[in-house]
Amino acid sequence: MKKGKVIGLLVMSAVLLTGCVDSMPDLTAEQSDIIAEYAAGLLLKYSHHYDYKIVSEEEVAAAKAEQQELQEIETQEETEPETDVQTEPNEVSQDTANDSEETQQKETEANVILAADDTDFAAELGIDDLILRYQSFELCDSYPQDNTGFSVDAAQDKKLLIVHFDLEGSPEEDLNCNMFDYNIKMHLNINDSVSVTALSTMLPDELMTFMDVLPAGELVDVVAVAEVDNMTESEISSLILQVSSSGGNCTAKLK
């Protein structure tokens, strides 16, 4: 019965609208939306396929609370930090432990200061068949001081620090010596405050580039040359030599 009334009402509305188009009043957009919503509601209300039901305020509140709870759970999952995997001490590899021990050993060896008078620098530097010992040091304006042949002069307001060594080969036979092959580097620390590097002068008796025949059983004087500020030997209270080669390194106290 209700269904028939609704259909009849819609038919009458169509007829009236068709016949009275010219006299129909103008509607605002809001009024048109209200009429359309009302008509759609009537159609749905009397349709066999539509379960018309008025939702209570309690059900609406429960639905909103459930939706809010789901949103809070999603937000918490997005902002929750990832848990870092903690490495147990016993999981450290043996290779890492060995590398650490070797590094500590090298640092300890580098910090050991030898007594120059008791040190065979050739042995410390991994140089076979030779003996190299510290002899003395001096300060001068030019080396060699006799000015015969090739020499090196200090710059203005500077001095040359000359460190002398005794180089010895085989006691039984002559030995061809080429110190250039060992890539020797030398640094000198003066009074625990000034550090200088030995120069490459190409002097014939320079230790780092010495190339000659060592006569059997004889000592040859070889030197390291560095340029320092103008000073006297008495002003040098401490002199430390750091020397390295392709086969080793060592630190020795010269004074």
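Residues numbered from 1 in each chain as written. Predicted model: local features only at pLDDT ≥ 70, side-chain atom pairs only at ≥ 80, totals over all residues. Heavy atoms only, no water.

1. A closer look at the confidence of the model for the protein
Cut-off, in case you're wondering: Every residue gets a pLDDT, meaning the predictor's confidence in that residue, from 0 to 100. Secondary structure counts use DSSP, requiring at least four H or I residues in a row for a helix and at least two E residues in a row for a strand, with both numbered from the N terminus. By definition in these notes, contact holds between two residues if any of their heavy atoms fall within 4.5 Å.
Mean pLDDT over the protein: 78, with 64% of residues reaching 70 or higher. For the protein, the element scoring lowest by mean pLDDT is helix α1 (residues 2-19), at 50; strand β7 (residues 185-190) scores highest, at 96. Predicted confidence for residues 15-23 stays below pLDDT 50, and this span has one contact to residues more than four positions away or in other chains.

2. Some remarks on the pattern of salt bridges
Convention followed: The term salt bridge refers to a side-chain nitrogen of Lys or Arg lying within 4 Å of a carboxyl oxygen of Asp or Glu. Any residue under 20% of the maximum accessible area for its type is buried, any over 50% is exposed, and the rest in between are partly exposed; the area is computed with a 1.4 Å probe on protein chains only.
One pass over the structure, following the stated rule, counts two salt bridges. Between K159 and D141 there is a salt bridge, with the nearest N and O atoms lying 2.9 Å from each other. Of the two residues, K159 is situated in strand β5 (residues 158-168) and D141 in the loop between β2 (131-140) and β3 (142-143); the sequence distance between them amounts to 18 residues. Classification of D141 as partly exposed rests on a relative accessible area of 47%. Across the pair K158 and D229 runs a salt bridge, and its minimum N-O distance is 2.8 Å. Of this pair, K158 sits in strand β5 while D229 sits in strand β10 (residues 219-229); the two residues are 71 residues apart in sequence, bridging distant segments of the chain. For K158, a relative accessible area of 30% puts it in the partly exposed group.

3. Looking at the environment of C140
Mapped onto the fold, C140 is located in strand β2. Beyond its immediate sequence surroundings of up to four residues, C140 is in contact with Q145, A154, K159, L160 and I162.

4. Observations concerning the pairing of β5
Counted only if it meets this: For two strands to be treated as a pair, DSSP must find at least two bridges joining them.
Burial analysis of β5 places eight of its 11 residues in the buried class, the great majority of the element. The pairing of β5 with β10 spans 11 bridges and is classified as antiparallel. Counterpart to K159 in the pairing with β10 is V228.

5. Here's the deal with the sheet that holds strand β1 (residues 113-115)
For clarity, the threshold we go by: In this analysis an axis means a line fitted to C-alpha atoms, helices contributing only their contacting stretch, and an angle means the value between N-to-C directions, from 0 to 180 degrees.
On the basis of which strands lie adjacent, the open sheet formed by five strands has the order β1-β12-β11-β7-β8 and mixed pairing. Edge positions in the sheet fall to β1 and β8 (194-197), since each of these pairs with one other strand and no more. Geometrically, the sheet is characterised by an average inter-axis angle of 30° between neighbouring strands, direction not taken into account. Judged from the four bridges that link them, β7 and β8 form a sheet pairing that is antiparallel. The partner of I190 across the bridge, within β8, is V194.

6. What to know about the layout of surface pockets
Convention followed: Any residue with an atom within 4 Å of a point lines the site, the site being either a cavity, points on a 1 Å grid over the protein atoms alone where a 1.4 Å probe fits but cannot get out, or a pocket, an open set with protein on both sides within 12 Å along at least 5 of 7 lines. Grid points are joined across faces, edges and corners, and a volume is the space filled by probe spheres set on the points. In this count, Pro and Cys sit with the nonpolar residues alongside Ala, Val, Leu, Ile, Met, Phe, Trp and Tyr, while Asp, Glu, Lys and Arg are called charged and the others, Gly among them, polar.
Estimates place the volume of the second largest pocket at around 190 Å³. N183, I184, K185, S200 and M208 are the residues nearest the centre of the second largest pocket, which is lined by 14 residues in total. Tallied by class, residues from the lining of the second largest pocket come to seven nonpolar, five polar and two charged.

7. What about the sheet that holds β10?
Read across the open sheet, the three strands follow the order β2-β5-β10; overall the sheet is antiparallel. Because the sheet does not close on itself, it has two edges, and the strands there are β2 and β10. Across the sheet, the mean angle separating the axes of adjacent strands is 20° when strand polarity is ignored.

8. Notes on the packing of aromatic side chains
This is how it is decided: To pair, rings of Phe, Tyr and Trp, with the six-membered ring standing in for Trp, must have centres within 6.5 Å; the planes then decide the type, stacked if under 30 degrees apart, edge-to-face if over 60, and tilted in the middle.
One pass over the full model with this rule turns up two aromatic pairs. Ring geometry for F121 and F165: centres 5.7 Å apart, planes at 85°, overall edge-to-face. Of this pair, F121 sits in helix α5 (residues 121-124) while F165 is found in strand β5, placing the two residues 44 residues apart along the sequence. Taken as a pair, F121 and F165 share a single burial class, namely buried. Centre to centre, the rings of Y134 and F165 are 6.3 Å apart; their planes meet at 75°, and the pair counts as edge-to-face.

9. Observations concerning the nonpolar core
Here is the rule we go by: By convention a nonpolar core is built from buried Ala, Val, Leu, Ile, Met, Phe, Trp, Tyr and Cys residues, the set being connected through side-chain atoms within 4.5 Å.
Membership of the largest hydrophobic core comes to 39 residues, with the highest contact counts inside it found for F121, L161, V163, F165, M186 and L188. No other element matches β10, which puts five residues into this core. Setting aside anything within four residues of it in sequence, one finds M186 in contact with F165, V196, T197, A198, L207, M208, A224, L241, Q242 and V243. Formed by nine residues, the second largest nonpolar core is a distinct cluster that contains A154, L160, I162 and V225.

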